[in-house]
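So you can see what is in the structure, the chains are spelled out below.
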Amino acid sequence: MRKLLTLLALALVIPGAALGQTNNVLGDVVAVDAAAKQIFVKTDTGPVVIVSVSDATRILKNSPGETKLDKSTPYTLEQISAGDRVLALGRVSEDGKTLANARAVVINTKADLAAKRETESAEWRRRGVVGIVSAVNAEAKEITIMMRTAEGPKPVVIAAGGPAVKLRRYAPDSIKFADAKSSTFEEVMVGDQLRAKGERSEDGSRFTPEEVVTGSFRMAVGTVKAVDASKNEITIEQAQGGKPLTVVVRPDSVLKQFQLPPEIAQMMMGGGGAPGGGGQGGAAAPGGGERRVVVQGGPGGGGAPAQGQAGAGQTGQGGAPGQGGQRRVMSGGSDMVQQILERMPALTLAELKPGTMIVVSSTVGADPTRVTAIQLVSGVEPLIAMMSRRQGGGQGAPGGMPGMGAAAGGLGFGFGIGQP
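Residues numbered from 1 in each chain as written. Predicted model: local features only at pLDDT ≥ 70, side-chain atom pairs only at ≥ 80, totals over all residues. Heavy atoms only, no water.

S.K.: Could you give an account of the overall build of the chain, naming the residues involved and the relevant values?
M.R.: Of the regular secondary structure elements, the chain holds five helices and 24 strands. For the chain, the residues scored as buried account for 46% of the 420 residues in total. Of all intrachain contacts in the chain linking residues separated by at least 6 positions in sequence, the fraction that spans at least 24 positions is 61%. Split by element, the accessible area of the chain, about 19,500 Å² in all, is 53% carbon and sulfur. (Helix = DSSP H or I, 4+ residues; strand = E, 2+ residues; numbered from the N terminus. Buried < 20%, exposed > 50% of the residue type's maximum accessible area, 1.4 Å probe, protein only. Contact = heavy atoms within 4.5 Å. Areas by Shrake-Rupley, 256 points an atom, 1.4 Å probe, with all protein chains shown as cover.)

Spelled out as C-alpha cells, the structure:
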C-alpha cells in the first residue's frame, strides 16, 4: 500500500500523468458533497468524474512537488474544497462518469498550490532570462537568444548542453507553463521564444541554465468582429490580409486592457528615458546599469501593484505621502513586458467590443484558423501608432505590423511565453 501511494503522489505532481489508465482520476475539484460523500473532479482530459469515498478511503494531504508521502498528513472530506488538486485511486465506471469507493485520495490544496506557484514565479523572475532564439549551435549545445535590455536587444549565449539541464517545450495549443513537456536540444529552433532559469556570467553575455523552456508562438493583431461568450470565443479580422481568426479564451488565458504611462511606453519600445532625463518617470541607473522606471500606484498612476510582485527581483518602495500609495520599481530588462502586462487592468470577455483592435499570443497549433489565447491585450491602437512612427512604418516586422516581431524589438520579447 505504501508503494502504491508513493506512485500516486508521483502522478499527482506530474500534470496529466497516468490519465490513460482506468484505475484513477486526476484533476481539479469543482465541488464537494460531504453528505453524499462525493467529490466532483474536472479531469485534465476534460470530463467531470464523480468520486465516491467511504469510511475505508484513505484521504491524505500532501505538499505540491513532494514525490513521496512521508510528509503527508491525514485529511477529511469536509476539508476538501473547490480548486484543490486531487488524485483518486479506484475503478472508473465504463461510461467514465464515476469512481465508486475510492481506495485512496491524495490532495494538494488550492492554497498550497498558489503558494508554490508564487515561490517558483519569484525564483524565475529573480534568476531568469527570456528572449528570442537567434542561433542554435548543435555541436556546442549552445543557444543564442536576443534579450531585451534597457539599451536595446542584446545577445546572450545559453549553455544548454549540461547533463543536469532540464529542457521543456510547450505543446501545440497548450497555454500552461506548467504543462510544458520534456524536450530535447534538437527541438529548439531559431525564432522560438525561450525562458531559462540559472546564473548569468559577470558580464551578462553567457547564461548557465538549470531549466530551459521553449516554444513556437504565434502573435496575431486584428480587429474584433464578434464575441461569442457562450463558447468563450472571439472572431477577429487579422490586420495582415484581412483573414478571419477564431481566438479561444480559456480560464487561464490572460486578458488585459492596454494602459501605459508615456514613460513606460517609451522604454517598452526601446526609446529614451522620460522627459527631463530622470524625472519621476524613469532614470538611468548609476554607472550605466540597467534602467528602471518607478511607477506611482493608486488612482491615476496605473493602479496599485499586486502584492508581492515587485518587478524582476526588485523590491517595491513606499510611495511619497499624498501620491497614491505604493510605488513599484520595474527593471528595463528581458521580463519588462511581462511586468508591464501585470500592471495593466484586467479585462473580461464580455468587455471586448466589435471594432476594438487586439494583439493575442498563442502557441502554434494544428489549425491556422484557430488559436488559444495565452495573453490578449485590447485597445492597442495607440501602441501600434507609436511603434509605426518610431519604426518608419514597421519595416521588418512580421505581417507588416510595426513593432510586433522580435526583430523589431517590440512586444515579441516575452509576450508569448507564459509566466511560470
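Picking up where we left off.
S.K.: Talk me through the environment of Asp-84; I want residue IDs and the actual numbers.
M.R.: The residue Asp-84 is located in the loop between β5 (73–74) and β6 (85–92) in this model. The exposure class of Asp-84 is buried, given its relative accessible area of 2%. In the structure, Asp-84 is positioned 55 residues away from Val-29 in sequence and 5.4 Å away in space, judged by C-alpha atoms. Beyond its immediate stretch of four places on either side in the chain, Asp-84 contacts Gly-27, Asp-28, Val-29, Gln-79, Ile-107, Asn-108, Thr-109 and Lys-110. In this structure the side chain of Asp-84 is engaged in a polar contact, spanning 2.7 Å, whose partner is the backbone nitrogen of Lys-110. (Polar contact = N/O pair within 3.5 Å; in protein donor to acceptor, adjacent residues only side chain to side chain.)

S.K.: Residue-level account of the packing of aromatic side chains, with values.
M.R.: Counted according to the given criterion, the structure contains one aromatic pair. Seen from their ring centres, Tyr-170 and Phe-217 are 5.1 Å apart, and the 70 degrees between their planes marks the pair as edge-to-face. Of the two residues, Tyr-170 sits in the loop between β11 (166–169) and β12 (181–182) while Phe-217 sits in strand β15 (residues 217–228), which places them 47 residues apart along the sequence. Pair check on accessibility: Tyr-170 and Phe-217 agree, each one buried. (Phe/Tyr/Trp six-rings, centres within 6.5 Å; stacked < 30°, edge-to-face > 60°.)

S.K.: Give a detailed account of the nonpolar core, specifying residues and quantitative values.
M.R.: Nonpolar side chains tend toward joint burial in soluble globular proteins. Core analysis: the biggest nonpolar cluster contains 18 residues, and Val-25, Ile-39, Val-51, Ile-80, Leu-99 and Val-105 have the highest contact counts within it. Counting residues per element, the ones that place at least two in this core are β1 (24–33), β2 (38–43), β3 (48–52), β6 and β7 (98–108). Sort the elements by how many residues they give to this core and β7 lands first, with four residues. Excluding residues within four positions of it along the chain, Val-25 makes contact with Val-41, Thr-43, Val-49, Val-51, Val-86, Leu-87, Ala-88, Val-92 and Leu-99. (Core = buried A, V, L, I, M, F, W, Y, C linked by side-chain atoms within 4.5 Å.)

S.K.: A description of unusual backbone geometry should follow, citing residues and the corresponding values.
M.R.: With a phi angle near 50 degrees, Asn-101 is a residue other than glycine that sits in the positive phi range. Tracing the backbone through its elements, the reader meets Asn-101 in strand β7. A positive phi angle, near 55 degrees, is found at Lys-141, a position not held by glycine. Locating Lys-141 in the fold gives a position in the loop between β8 (128–137) and β9 (142–149).

S.K.: Please set out the pairing of β15 residue by residue, giving values where relevant.
M.R.: With seven bridges joining them, β15 and strand β22 (residues 357–363) adopt antiparallel strand pairing. Paired with Val-221 across the bridge in β22 is Val-359. As judged from the six bridges shared by β15 and strand β16 (residues 233–238), these two strands associate in the antiparallel manner. Note on β16: the bridge partner recorded for Thr-223 is Glu-237. (Pairing = 2+ DSSP bridges.)

S.K.: I'd love a proper account of the sheet that holds β16, names of residues and values included.
M.R.: Spatially, seven strands are ordered β18-β24-β22-β15-β16-β17-β23 in an open sheet, and the strand pairing comes out mixed. Only two strands of the sheet have a single neighbouring strand rather than two, namely β18 (254–257) and β23 (370–372). Each strand of the sheet is rotated relative to its neighbour by a mean of 35 degrees, with strand direction disregarded. In this sheet, β23 lies alongside strand β17 (residues 244–248) in parallel orientation, the contact comprising three bridges. Bridge pairing in β23 places Thr-246 opposite Arg-370. (Axes fitted to C-alpha atoms, helices over the stretch in contact; angles between N-to-C directions.)

S.K.: How would you summarise the side chain of Ser-253 if you had to cite specific residues and measurements?
M.R.: Considering the arrangement of structural elements, one finds Ser-253 in the loop between β17 and β18. A polar contact is formed between the side chain of Ser-253 and the backbone oxygen of Ala-373, at a distance of 2.6 Å.

S.K.: Describe the environment of Ser-63, naming the residues involved and giving the relevant values.
M.R.: Considering the arrangement of structural elements, one finds Ser-63 in the loop between β4 (58–61) and β5. Note on Ser-63: relative accessible area 34%, which makes it partly exposed. Between the C-alpha atom of Ser-63 and that of Thr-109, which follows or precedes it by 46 residues, the distance is 8.0 Å.

S.K.: Outline the confidence of the model for the chain, supporting the account with residue identities and numerical values.
M.R.: On average, the chain scores 75 in pLDDT, and the residues at 70 or more come to 67%. The low-confidence segment residues 271–334 (pLDDT under 50) makes 132 contacts with residues lying over four places distant or belonging to another chain. (pLDDT = per-residue confidence, 0-100.)

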